[in-house]
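Structural characterization, general
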Amino acid sequence: MAVETGQSVAPAAGGDARGRGRGTGEKSKEAPGPLRRALATHWYAWAMVAPVVIVIGVIIGYPLVRGIWLSLTDADEANVARTIGVNEIEATYEFTGLENYTAILTDSVFWDRLGWTVLWTVGCVSVTFLLGLVLATMLNRKLRGRAVYRIAIILPWGIPAFVSVFAWQMLFNEKNGILNRILEGGGIDAVPWLGDPTWAKISVIAVNVWLGVPFMLVALLGALQAIPSELLEAAEVDGANAWQRFRNVTLPGIRSVSSTVVLLSTIWTFNMFPVIYLLTRGGPGDSTEILVTYAYRLSFLNSPRDFATSAAWGVLILLLLMLFAVFYRRSLRKQGEVW
């Protein structure tokens, strides 16, 4: 019995040793990490995306990092690196920390520009959305010549913005503009469209709305056409009138699209440089100057050009838009939107 026990123990011990050996060998081979597994599995997708990531990094990433760095210095036209003839002058600007931001936030100029920028953005986006929704609702119905109306309304979207702005500038001309000629024909005095601060603000909002309505129209028209007709028919059978169908069926049906286009329009309008600069140059005086046009003025028009302060203005604009996007997204998620 003792022999049998010894024989049975030896193989068991050997088997256990072999088992431990196999376990140790398996543990010695490290499993690939999640990044390596992702690269190995989706290498083709990574290869296709890599050029885009590199281009975006060069075009957007580097200027962004460079701008943030300049905003923390006292860089201006006199102390940056430059070449004069055959002489190369090295940069002499110094790191100043948050001094530029402190100076901007404690200056009334920033808050005045911010107030008008917010008013300009809210006015343009709200009017553009309402007009786009009304026109999209009208064109979503069956009517004669609908294709012609769609082309006519979308046409401003196909014209370069600077061409449209120059055309409106001629229309707003106080002496020879068509608008004032029409008013004079009706016995009304000429309006200083671009010479009076109030009329200049109304004018730039009108031009930007004219440029933005086609985009809003196309987006909302697509959303309206995506609403199942069965829902509207069921609401009509239940006795809902036109306004009730619009409020309870149409508006919820286009909510996801409308929330997206409102966000995009807000960001675009907040940074809408061409309309303000080409139409009024921020004038008369500085009454129509928004944040981006003032940052441009600091960096390219004023003498000496203040690159550091202009970069700080740019960073603040970016932060404001990021904060708006975050709060806007949170408000949409509270309403049931998923993104």
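Residues numbered from 1 in each chain as written. Predicted model: local features only at pLDDT ≥ 70, side-chain atom pairs only at ≥ 80, totals over all residues. Heavy atoms only, no water.

In its Subcellular location (unreviewed entry) section, UniProt records this for the chain: "Cell membrane". Under the UniProt heading Sequence similarities (unreviewed entry), the entry covering the chain gives this text: "Belongs to the binding-protein-dependent transport system permease family." (UniProt positions renumbered as here; feature names shortened; annotations may be inferred.)

Mapped onto the secondary structure, Ser-287 falls in the loop between α13 (273-280) and α14 (291-301). Expressed as a C-alpha distance, the spacing of Ser-287 and Pro-197, which sit 90 residues apart in the sequence, is 5.7 Å. If near-sequence neighbours (up to four positions away) are discounted, Ser-287 is found in contact with Trp-116, Pro-197, Lys-201 and Gly-282. Reaching out from Ser-287, the side chain makes a polar contact with the backbone oxygen of Pro-284 at a distance of 3.0 Å. (Helix = DSSP H or I, 4+ residues; strand = E, 2+ residues; numbered from the N terminus. Contact = heavy atoms within 4.5 Å. Polar contact = N/O pair within 3.5 Å; in protein donor to acceptor, adjacent residues only side chain to side chain.)

Time to look at the packing of aromatic side chains. Inspection of every chain in the model, using the stated rule, returns 17 aromatic pairs. Members of the aromatic cluster, joined through ring pairs, are Trp-168, Phe-172, Trp-193, Trp-199 and Trp-210. Residue placement shows Lys-201 over the ring face of Trp-116; its charged tip is 5.0 Å from the ring centre. (Phe/Tyr/Trp six-rings, centres within 6.5 Å; stacked < 30°, edge-to-face > 60°. Lys NZ or Arg CZ within 6 Å of the ring centre and 35° of its normal.)

On to helix α6 (residues 146-158). Note on helix geometry: an α-helix contains 3.6 residues per turn, so any two residues three or four positions apart are oriented the same way. Taking 1.5 Å per residue as the helical rise, α6 with its 13 residues ought to reach 18 Å, and the 19 Å between its terminal C-alpha atoms agrees with that figure. Helix geometry: α6 is bent most strongly at Ala-152, by close to 25°, with proline Pro-156 lying one to four residues after it. (Expected span 1.5 Å × (residues − 1). Bend = angle between axes of the 7 residues up to and from the residue.)

This chain's UniProt record puts "transmembrane region" (unreviewed entry) on residues 43-65, 118-139, 151-171, 202-224, 261-279 and 307-328. Here residues 151-171 runs as 90% helix and 0% strand, with 23 Å between its end C-alpha atoms. Annotation note: span residues 202-224, helix share 100%, strand share 0%, distance between end C-alpha atoms 30 Å.

Orientation of helix α5 (residues 108-139) relative to helix α12 (residues 255-270), taken along the N-to-C sense of each, is 140°, at an axis distance of 9 Å. Between α5 and α12, the interaxial angle falls into the category oblique. By crossing handedness, the relation of α5 to α12 is classed as right-handed. For the pair α5 and α12, the contacting residues are Leu-114, Thr-117, Trp-120, Thr-121, Cys-124, Val-125 and Phe-129 in the first and Ser-258, Val-262, Ser-265, Thr-266, Thr-269 and Phe-270 in the second. Per-class residue counts for the contact of α5 with α12 are 7 nonpolar, 6 polar and no charged. (Axes fitted to C-alpha atoms, helices over the stretch in contact; angles between N-to-C directions. Parallel < 35°, antiparallel > 145°, perpendicular 65-115°, else oblique. Left-handed = near helix turned anticlockwise from the far one by under 90°. Nonpolar A, V, L, I, M, F, W, Y, C, P; charged D, E, K, R; others polar.)

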